[in-house]
Amino acid sequence: MLRWYLLTNVGHLKQSIKIFPSRSGIEAMFKDCKTGGYNLEKSHANNQRLSSLILLIAIAYSCAVIQGQKIKTMGIQKYVGRLTEYGRSIRRHSSFWIGLYGQCWVIGMEFCQDIISELMRIRRNKLPFFQRGLRAMSFILSMF
């Protein structure tokens, strides 16, 4: 039997259990702002610059999360952030990561357009998959 022990300063058990799931989202946000995207801890900024940098990161982070949520709502997340580990069934990337790297994925696809066209020509049995990827790319392009 698995037991969890929650140490908290919240006064009531039910309230502690209710707010505990938000912790994973908060920790994901800290990772995104540190090593996962913006590298805040490597900025070595003084107090004034750090405050300005945090404000700028908050705005950019919000934009990336909104963009990532739009991509997920469209159902095209799997093209931007593919599951790379065999047998993995849960989502791999946050809305922030999907939003931040969605545009990079489109740029990479545009860079490889000649190769994609050639693959579509010689691998006719995979044509529906290529077409779905190109459709996903056009959706993301329309968002930017």
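Below or above, wherever it landed, is the structure these notes cover. (Residues numbered from 1 in each chain as written. Predicted model: local features only at pLDDT ≥ 70, side-chain atom pairs only at ≥ 80, totals over all residues. Heavy atoms only, no water.)

## As for the overall build of the protein chain
Quick note on the threshold: The numbering of helices and of strands both runs from the N terminus, where a helix is a DSSP run of H or I of at least 4 residues and a strand a run of E of at least 2. The classification of residues rests on relative accessible area computed with a 1.4 Å probe and restricted to protein chains. Under 20% of the type maximum is buried, over 50% is exposed, and intermediate values are partly exposed.
For the protein chain, the count of helices and strands is seven helices and zero strands. Relative to its 144 residues, the protein chain shows a buried fraction of 24%.

## Structural notes on a nonpolar patch on the surface
Inclusion rule: Distance thresholds for patches are 9 Å for like charges and 5 Å for nonpolar side chains (Val, Leu, Ile, Met, Phe, Trp, Tyr), applied to residues having over 30% relative accessible area and no salt bridge. In these tables, accessible area is a Shrake-Rupley quantity obtained with a 1.4 Å probe, and a residue counts as shielded only by the protein chains included in the view. Within this document, salt bridges are pairs made up of a side-chain nitrogen of Lys or Arg and a carboxyl oxygen of Asp or Glu, the two lying within 4 Å of each other.
A grouping of Leu2, Trp4, Leu6, Leu13, Ile17 and Phe20 is seen on the molecular surface, where their side chains present a nonpolar patch of about 680 Å² in accessible area. For Leu13, the location among the structural elements is in helix α1 (residues 13-19).

## What to know about helix α5 (residues 95-111)
Residues spaced three or four apart along an α-helix point in a common direction, a consequence of the helix completing one turn every 3.6 residues. Heads up, the condition is: A helix is expected to span 1.5 Å for every residue after the first. Note on bend: at a given residue it equals the angle between the axes fitted to the 7 residues ending there and to the 7 starting there.
Along its 17 residues, α5 runs 24 Å from first to last C-alpha, staying within 8% of the 24 Å computed at 1.5 Å per residue. Its maximal kink placed at Tyr101, α5 deviates by approximately 35°. Of the residues making up α5, those classed as buried are Ser95, Phe96, Ile98, Gly99, Gly102, Trp105, Val106 and Met109.

## A look at the pattern of salt bridges
Should their charged atoms come close, side chains of opposite charge can pair. On inspection of all chains with the given rule, the structure shows one salt bridge. Close ionic contact of Arg121 with Glu118 constitutes a salt bridge, the shortest N to O distance being 2.5 Å. You can see Arg121 and its partner Glu118 sitting in helix α6 (residues 113-122), three residues apart, about one turn around the helix. For Arg121, a relative accessible area of 53% corresponds to the exposed category. Overall, the relative accessible area of 38% leaves Glu118 in the partly exposed class.

## Details of the packing of aromatic side chains
Between two aromatic rings, the relevant description is the distance of the centres plus the angle of the planes. Rule in force here: Pairing of aromatic rings covers Phe, Tyr and the six-membered ring of Trp, with a centre-to-centre limit of 6.5 Å; geometry is then stacked below 30 degrees between planes, edge-to-face above 60, and tilted otherwise.
Per the stated rule, a full pass over the model turns up one aromatic pair. When the centroid spacing of 5.0 Å and the interplanar angle of 25° are considered together, the rings of Tyr61 and Phe96 count as stacked. With Tyr61 in helix α3 (residues 47-74) and Phe96 in helix α5, this pair connects stretches of sequence that are 35 residues apart. An identical accessibility class is assigned to Tyr61 and Phe96; each is buried.

## Quick notes on the nonpolar core
Put simply, the rule is: Among the buried residues, those of types Ala, Val, Leu, Ile, Met, Phe, Trp, Tyr and Cys that are joined through side-chain atoms within 4.5 Å form a nonpolar core. It only takes one pair of heavy atoms within 4.5 Å for two residues to be counted as in contact.
Within the largest apolar cluster, 14 residues are counted, with the highest numbers of intra-cluster contacts made by Ile71, Ile76, Val80, Trp105 and Ile140. Counting residues per element, the ones that place at least two in this core are α4 (77-80), α5, α6 and α7 (127-143). Sequence-distant contacts of Trp105, defined by excluding residues within four places in its chain, comprise Tyr79, Val80, Gly133, Ala136, Met137 and Ile140. If you look at the next biggest cluster of nonpolar residues, it comprises six residues, including Ile57, Tyr61, Ala64 and Phe96.

## Topic: the environment of Arg135
By the secondary structure assignment, Arg135 is in helix α7. You can call Arg135 partly exposed: its relative accessible area is 45%. Sequence separation between Arg135 and Ile76 is 59 residues; the distance between their C-alpha atoms is 9.2 Å.

## A few points about the packing of α3 against α5
To be explicit about the condition: Each axis is a line fitted through C-alpha atoms, taken for helices only over the stretch in contact, and angles between the N-to-C directions span 0 to 180 degrees. In these notes the angle categories are as follows: under 35 degrees is roughly parallel, over 145 is roughly antiparallel, 65 to 115 is roughly perpendicular, and the rest is oblique. Note on residue classes: Ala, Val, Leu, Ile, Met, Phe, Trp, Tyr, Cys and Pro are nonpolar, Asp, Glu, Lys and Arg are charged, and everything else, Gly too, is polar.
It is at 6 Å that the axes of α3 and α5 come closest, and there the two elements cross at 90°. Taken as axis vectors, α3 and α5 run roughly perpendicular relative to one another. Between α3, through Tyr61, Ala64, Val65, Gln67, Gly68, Gln69, Ile71 and Lys72, and α5, the contact on the second element is made entirely by Ser95, Phe96, Ile98, Gly99, Leu100 and Gly102. Classifying every residue of the contact of α3 with α5 gives seven nonpolar, six polar and one charged.

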